[in-house]
Amino acid sequence: MKIILTLFFFIYFLNFSNSQFTPLSPETSLKATVINDPTFDYIPNWGDNAYCTIPAYQVFIEILQNGLSISSATTNDTNFQIENKFQTNNDYLFIIKTYYTQSFKSVSQLITFSTNDTVDHIYKLTITCFDFQINNLNVTESLNPFYFMGYFNYYISLTGFEKSHLPVQLRLKNFQNGNAIVSGESRFNYLLQIFQYDQQNITDDIEVALEFSDNRNFTFKLKSYYNQFNVVDLPTNHIDTFSPAEIASTQYNYNQFGFGSNPVIQSTINTNIMRPYQYLFTLFAPKYTLPIKGTKGNMTFIGSVMENTKFVTGNGYNSIYSIDLNPNITGLSLPKIGATSTNFTEENTEIFFYTFTFSDGFQYQGTDLFFMIYLVEIRQSWPYGFYSGNCLTYEFKSSFPRLTKTAASNPSYFYFGIDRQALEIYQSLEPPYIASTPPKLISYKYTKVSDYMYILSLQIESAGGVKFISTHSSASLFGADTLVQGTIYDGIFEIVGTPDQLIYVSIYDAMGLSNDYNDGDVISIDPLITFNLPSEVKFVLNITSFNNITFLKNNLDMTDDSYNIMYIDFNDNVPTGKSLSLVLLDIISFPIERDPSGDMIIKRPFKYNNQTKKYECKFILPKNNMFGNIHYVIFYGNLMGMYDNELTRKLNVNNTILDNQGPLFSSFEKIGNGSEISSTTPTGTIGWKFNITDDLNGFESGYIKVMGTVDSSTYHFNFTMNDVIGDKFNCQYQILINITQPCISQEYKIVKVILFDTNKIASRFYLYTPVLPTAAIVNPFLNLLNQGLDITVIQFTCLPSILLDERPILSSFVSSRSVIDVGASNRTISFDFSFTQVAVGIKKDQLPIVYINSFYSGLVECVSKLISYSSTEVVYSCSTELPIGFGYPNELSFSLYGIVNVGGYFYGYSSKDLYSASASYYANTTYSSNQPLIKSTDTFYSDEKDLVLYGRGLKNVNLVNIVYRDNSLSPHSFPPTVVYESSAILISGIKLTTKPFDITLSTTDSLTSNIYTVNPIFFNISEIPTPTESPTTSPTTSPTTSPIPTITPIPTNPPQKCLGNPECGGKNQGYCSPTGCICYPPWIGTTCASQIIIIPQPSTNTTNPQIEIPTDNNVQSSESNSQEPQKMIFKSLISLVSLRELNFNNQEVKNYKFDQWVYTPINEFKNQYLTTVSNTNITATLEWFNQSTSIQFANQNLTMNPSSIKYTIEITKYQFSSSLNQLQLVMAASLTTNSNDICSLNQFGNTSTGDDSNYLKIQIENHSLYGRFIKRAIIDNVVKSISNVLLDSSLNVIDSSSSLQSFIGITIPYYSDSIIVDPDFSVLIDSKSASDEDDSICTKKNSGLTTAQLAGIIVGSIAFAAVIVIATVYAINKSKKQKKFEMSINNKLNKLNDIK
């Protein structure tokens, strides 16, 4: 074993030997090797640094002498430390790390490994730090800039950096707030974000300076953003309006309308570009105006005005208009808590917690509160923590779980304030110290689930118990809810995420210790395990990776939502299954300039299509969007992405009317302002009545929060279009608060407003918090700024108004659970509590809130309901569901706040107070890891049938149950398609629906999951069908693929005479065109006399690509004298027969019969079959279409009929006997019935619908099997012509009145690599029976002639002579071509038939 392991390490680390880590003593008994892809020459990480940062080195020690062990490892350089990371019986791993920075020089150190044989083993490590050679730098190319996120963005290719093991971070010297970002792409390796302002000619080049150490600069020039536009596209005039209108006046006094809500300017410009040269300059940087309304050529922009602001607009290339604005703005300051007396006490009850109190603070003004303890952030608003008092003077008291021991060297802190940027209280938390070991990663595994999701499985040992796991950001921490097996001390955790969310592992334990694992870090040395990202995730794309990018639709009309699909075709270097996602950067989908309060980055995953070999991404571009180029970024791998500016394919909008502004108040009136409530008028109503306007998108929903300025009484108003008067473009609503005696005099203020339009664009007003950087331009009161904040305040008077401090008596507080399983499907906890009324009663319309506090999971609210109210007792109840894993394995503590009396005071109970009152104040937690729970799903569109579910405890799921809200769809159950570890399953066969449906899961051990509701996202890609001369049902469409090179000529069908009586079936069935009859769906055929039959999907053949399509019909035989209808069964059979090699004379050289096939199901409608003949693979993909669908094959747009089957047949490289030979794929089609007293007909010819195909029609009575054979194929990735021939004359076919068979040969010319052909088949019902056709075959009876033949003899005898004449002409003119003669025969026979 020792020899094998030594050999393995020798091979594994062979590539890492380097002379800069060299032995100075013989390596006879041990050998040391640096293994983490070492480099020993560095340049600074940042361009302006005069030093290099040295990473840690991982040194593997292989013991070569039995019994030898290392007793110590030291270095003579005190700037470095050596840590023994791993140790087995024979091997060691040491980490050499440093926290110092090295100047430009070479430094050597001696590393000594002392062993138990008293021999020192010495190695020399030499590290060199090099300065930049500025003269070698060069910008070799750059792309046209694009505007995004308030910057003009330039991709550049910067070369000349040497000896760089990591990309060099750069700083822009002449753009203080600009950025130079490493793109991660090999060619255009930097993205510069710069401002463009203060120019005389806006097309002048922009000089850029990159800053390096010792005051060195590398300068170069870039083209102006506006250099790419014609002068006619740039604005030449603008009309400016101000809100309030007076701010254009010098020294206008303005009071902020909410924190940060300054005056605004709106400018209407005749611009043909989305980002004209317009900005407001304040302090050090420009702020570009934001487009909010209008169309191309007439756009309105908005910007916020501060003191000393210069407003600048460009007219054309070099005419610059500017105006100075300098209003006197009185800003709102964020109210501080101002606590002067704070206290932390340690409570030692059944559970341990801190109680934090303070008093004597400033007046409370309805702001949010911010806490952070043990790295957990909590944001709450009143009433949490407000123990007693009112807004004027109060005491705050809150209890938090407390650590009883720690192994961390640094203390934890408690932070408190109204915002993260406005902290006021810091408290060191220092529990007793004990020694412990940090958590350790034992093993890991990446499992790819869907096209853009992975499961990262982690086996972790932790003496202190796992507290958090971080995999991509310290702001995103995973806890006990990811435990799937074992315990937090020794268990397996599974984290589900996208590739850029699973890029490292940091493990934190409850003792304050942690361990980090990055890509390439060693986890174990026996066996050797290193933490490595999946190879496809690490694969870096560049612009040469893309063969093509296309869209289902382009040059869009955005008067409605645009349902679209992006297709990417990569070259062969890109690994199949590469994880990709699309982020749209239009100003509606990515509103960071308007509303940065939400989650901006919505990633839409790509799915790999095995058939087309392309990546496909569905997306919905919101209506009423911007015009011009819609920017996007394709994310891949580890937080890397490529902007569309790097790529050749643009997404464009041609027609739109922009609406980038939320609903606004057009009027806002007070109700009951200044009311007086007294003994004579004991009740009153106050509130507001307002009008909301939204001209284009229309109003959808709103929320308003009102608070009292004395007792903090809080009222939440939610309303939608169902509640208002008017329409969505102009509607009215009112919010009312009832006041009754006894009461206290106070003001009610609106502290928060959010209004949404139908495009989910919000206007927001926050009086103070949360802080909103764009408060001015999204203010719903934008039209009313001149009225000031007074319109949001209502004052009323109560007589008498006496503040009375008398706390109600808590008579009971009971929790439904003392122990709760936070891994169970039922995690509901309830509370019942009551108060004994005192002289000052409880305010009836204020509902207390129970808070459930966990150690590391934050708070959960339980808002109560009023159960009963009397003069002696008030009873409340509440119920809430806890998140999965909440608080485990620690206790949950309870607190109660928000009790308000009619005397103007509020009260609450911390956990300590509930304990003192002998009430329920905590619950213990347990955790069942095997309980199946559904947490989330992939995005699910209404046209899809497959879905991935994510959760926990899913490993043993064996049954999926779905109940549809659509009453027309019956429930069904089925097994999962694929189970991925314990955290995900794939289900298939979901019925198409636009309505919600409920999913539950069952396991082999009889456990049932929670009920999870899926809400499909409606996705519509329907298009108008052709022909358009008659209204029809629109077919669905499949992707429009990028054009494939074509070898000309591609055959087209010759013009045909329009046949039928009436012609083309009559005006309701078709019309005559130059190519022949064009039929209206569902009619089909050369005379539009056949109709498509809608039939159920036939059963799947799992043996070979042969499909049997059964149909039946209650008809009466055309030759039967019986009056009883006969049940006739028709069976259509389609199959692949053989592959023949033909010589240049069309003679068979070889014939390979298809015998055995390998069957692979793809989805509900598609199956695949594979066979091999003569080392050539033949893959047949059969796809069933249950509705009319537009497809594309070989650059040709085709329509698949409903109830049709398409064969896509791909043949790989074939070894021809001669380059003059060709292949012929033989297919068979047959139609049979159970009746013998009938007629049949076989037809083969050219279609007339413009699809330039051959058709085969096999008809028995009034039923037909119809096949379409396209005259083109994809041969060696080029579109070429092929021929289709009927082989009935050369093969043994079944030919009778009740059974008819045809063989079709698809003949393909000589090729090199591959061919793809694409025939399809439908079942028809005909308006004319086969017995009415001249060429039909009928059962012999009586005279043995068909009805049509008899009619021909009786009324058409003169035709005989004409035929004799025609035959004579043919005999004389033998040299004429057969085709010309047949056309002549047909023409004359048609004329004779007309005479009849």
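Report follows, based on the coordinates. Residue indices begin from 1 for each chain and proceed along its sequence in written order. Two thresholds apply to this predicted model, a pLDDT of at least 70 for residue-level local features and 80 or more for giving and counting side-chain atom pairs, whereas whole-chain, interface and lining totals are computed over all residues. With hydrogens and water set aside, each side-chain value is computed from the structure's full complement of heavy atoms.

Observations concerning the overall build of the protein chain
Then comes step 1: Helical segments are the DSSP runs of H or I of at least four residues, strand segments are the runs of E of at least two, and each set is numbered from the N terminus. From N to C terminus, the protein chain includes six helices and 111 strands.
Then comes step 2: The C-alpha extent of the protein chain, read off along each of the three principal axes, is 125 × 105 × 75 Å.
Then comes step 3: At a minimum sequence separation of 6, the contacts of the protein chain that also span at least 24 residues come to 67%.
Then comes step 4: Surface accessibility follows the Shrake-Rupley procedure with a 1.4 Å probe radius. Residue values consider only the protein chains on display as shielding. In the structure as shown, the protein chain presents an accessible area of about 60,400 Å², 49% of it carried by carbon and sulfur atoms. In this description, contact between two residues means that some pair of their heavy atoms is separated by no more than 4.5 Å.

Digging into the side chain of S1090
Then comes step 1: Counting through the fold element by element, S1090 comes out in strand β91 (residues 1090–1092).
Then comes step 2: When a residue's accessible area, from a 1.4 Å probe over protein chains only, is under 20% of the maximum for its type it is buried; when over 50% it is exposed; and in between it is partly exposed. Relative accessible area serves as the criterion here: at 3%, S1090 is assigned to the buried category.
Then comes step 3: For S1090, the contacting residues outside a window of four places in its chain are P1082, W1083, I1084, K1257, L1324, I1325 and D1326.

Looking at the side chain of N691
Then comes step 1: Mapped onto the secondary structure, N691 falls in strand β61 (residues 683–693).
Then comes step 2: Polar contact is the term for a pair of N or O atoms within 3.5 Å; when the atoms are in protein, one must be able to donate a hydrogen and the other to accept it, and sequence-neighboring residues count only if both atoms are side-chain atoms. A distance of 3.4 Å separates polar atoms of two side chains, one belonging to N691 and the other to N730.
Then comes step 3: Not counting the four nearest positions on each side in its chain, N691 is found in contact with L664, F665, S666, S667, N730, C731 and Q732.

Quick look at the sheet that holds strand β48 (residues 556–557)
Then comes step 1: The strand order across the open sheet formed by three strands is β48-β57-β54, and the pairing between neighbours is mixed. The outermost strands of the open sheet, each flanked by one partner alone, are β48 and β54 (628–630).
Then comes step 2: Pairing between two strands is assigned when DSSP locates at least 2 bridges connecting them. Where β48 lies against strand β57 (residues 651–655), two bridges are found, and the strand directions are parallel. In the strand pairing of β57, L556 is matched with V653.

What about unusual backbone geometry?
Then comes step 1: A cis amide bond links W382 to the next residue, P383, at an omega of 20°.
Then comes step 2: Looking at the element boundaries, P383 is found in the loop between β32 (376–380) and β33 (386–389).
Then comes step 3: Geometrically, the link from Q741 to P742 is a cis peptide bond, its omega value of -10° lying close to zero.
Then comes step 4: Along the chain, P742 falls in the loop between β65 (730–740) and β66 (746–757).
Then comes step 5: Phi angles above zero are rare outside glycine, and K613 is one such case at about 60°.
Then comes step 6: With respect to the secondary-structure elements, K613 resides in the loop between β52 (607–609) and β53 (614–621).
Then comes step 7: Its identity is not glycine, yet S1174 carries a phi of approximately 50°, on the positive side.
Then comes step 8: Positionally, S1174 belongs in the loop between β96 (1166–1173) and β97 (1176–1185).
Then comes step 9: Classification of S1174 as partly exposed rests on a relative accessible area of 37%.

A word on the nonpolar core
Then comes step 1: In plain words, nonpolar cores are sets of buried Ala, Val, Leu, Ile, Met, Phe, Trp, Tyr and Cys residues tied together by side-chain atoms within 4.5 Å. F416 and V706 are the most contacted members of the largest nonpolar core, which totals 88 residues.
Then comes step 2: For this core, the leading source of residues is β66, giving six residues.
Then comes step 3: In this view, F416 contacts I337, F356, F358, L369, F370, F371, F396, L423, E424 and I425; residues no more than four positions away in its chain are not counted.
Then comes step 4: Core analysis: the next-biggest nonpolar cluster, separate from the first, contains 53 residues, F478, L483, I495 and I523 among them.

So, the pairing of strand β44 (residues 514–517)
Then comes step 1: Only one face of β44 is covered, namely the one carrying N515 and Y517; the face carrying S514 and D516 has none of its residues buried.
Then comes step 2: Two strands pair when backbone bridges link them, and strand β43 (residues 505–509) and β44 are joined in this way by four bridges, in the antiparallel orientation. From the neighbouring strand, Y508 faces β44, where its bridge partner is S514.
Then comes step 3: The antiparallel pairing of β43 with β44 creates a hairpin that spans four residues between the two strands, and G512 there sits at a positive phi of about 90°.

Concerning the state of the cysteines
Then comes step 1: Throughout, disulfides are identified as pairs of cysteine sulfur atoms within 2.5 Å of each other. For the structure on display, the rule yields six disulfides.
Then comes step 2: Paired through a disulfide, C862 and C878 show a sulfur-sulfur distance of 2.2 Å. The sign of the S-S torsion, about 120°, decides the handedness of the disulfide formed by C862 and C878: right-handed. With C862 in strand β73 (residues 859–863) and C878 in strand β75 (residues 873–881), this pair connects stretches of sequence that are 16 residues apart.
Then comes step 3: Its relative accessible area of 1% is what places C862 among the buried residues.
Then comes step 4: Between the sulfur of C1064 and that of C1077 lies a disulfide, 2.0 Å long from S to S. Here C1064 and C1077 share a disulfide; its torsion about the S-S bond, -85°, makes the bridge left-handed. One end of the pair, C1064, is in the loop between β87 (1036–1037) and β88 (1070–1073); the other, C1077, is in strand β89 (residues 1076–1079), with 13 residues separating them in the sequence.
Then comes step 5: Since its relative accessible area comes to 1%, C1064 is described here as buried.
Then comes step 6: Under the relative-accessibility criterion, C1077 is labelled buried at 1%.
Then comes step 7: Free cysteine C391: the closest other cysteine sulfur is in C798, separated by 16 Å.

A short note on the environment of S1281
Then comes step 1: Following the sequence through the fold, S1281 ends up in strand β106 (residues 1278–1281).
Then comes step 2: You can call S1281 partly exposed: its relative accessible area is 30%.
Then comes step 3: For S1281 and P1309, which are 28 residues apart along the polypeptide, the C-alpha to C-alpha distance reads 8.7 Å.

Description of the packing of aromatic side chains
Then comes step 1: Stacked, tilted and edge-to-face are the three classes assigned to paired rings of Phe, Tyr and Trp, where Trp is represented by its six-membered ring and a pair needs centres within 6.5 Å; plane angles under 30 degrees give stacked, over 60 edge-to-face, the rest tilted. In total, this model carries 106 aromatic pairs according to the counting rule given.
Then comes step 2: The ring of Y387 has K397 lying over it, and the distance from NZ or CZ to the ring centre is 4.0 Å.
Then comes step 3: Charge-over-ring placement is defined geometrically: NZ (Lys) or CZ (Arg) within 6 Å of the ring centre, and within 35 degrees of the ring normal. Sitting above the plane of the Y909 ring, R807 keeps its charged end 4.9 Å from the centroid.

What to know about the sheet that holds strand β74 (residues 865–869)
Then comes step 1: If you trace the four strands from one edge of the open sheet to the other, you get β69-β71-β75-β74, paired in antiparallel fashion. Looking at strand neighbours, the two that pair on one side only are β69 (809–815) and β74, the edges of this open sheet. Each strand of the sheet is rotated relative to its neighbour by a mean of 15°, with strand direction disregarded.
Then comes step 2: Where β74 meets β75, four bridges bridge the pair, whose relative direction is antiparallel. Across the sheet, residue L866 finds its bridge partner in β75, namely Y876. Think of each axis as a best-fit line through the C-alpha atoms, taken over the contacting stretch in the case of a helix, with angles from 0 to 180 degrees between the N-to-C directions.

Note that all results are geometric; they support no functional claim without further evidence.
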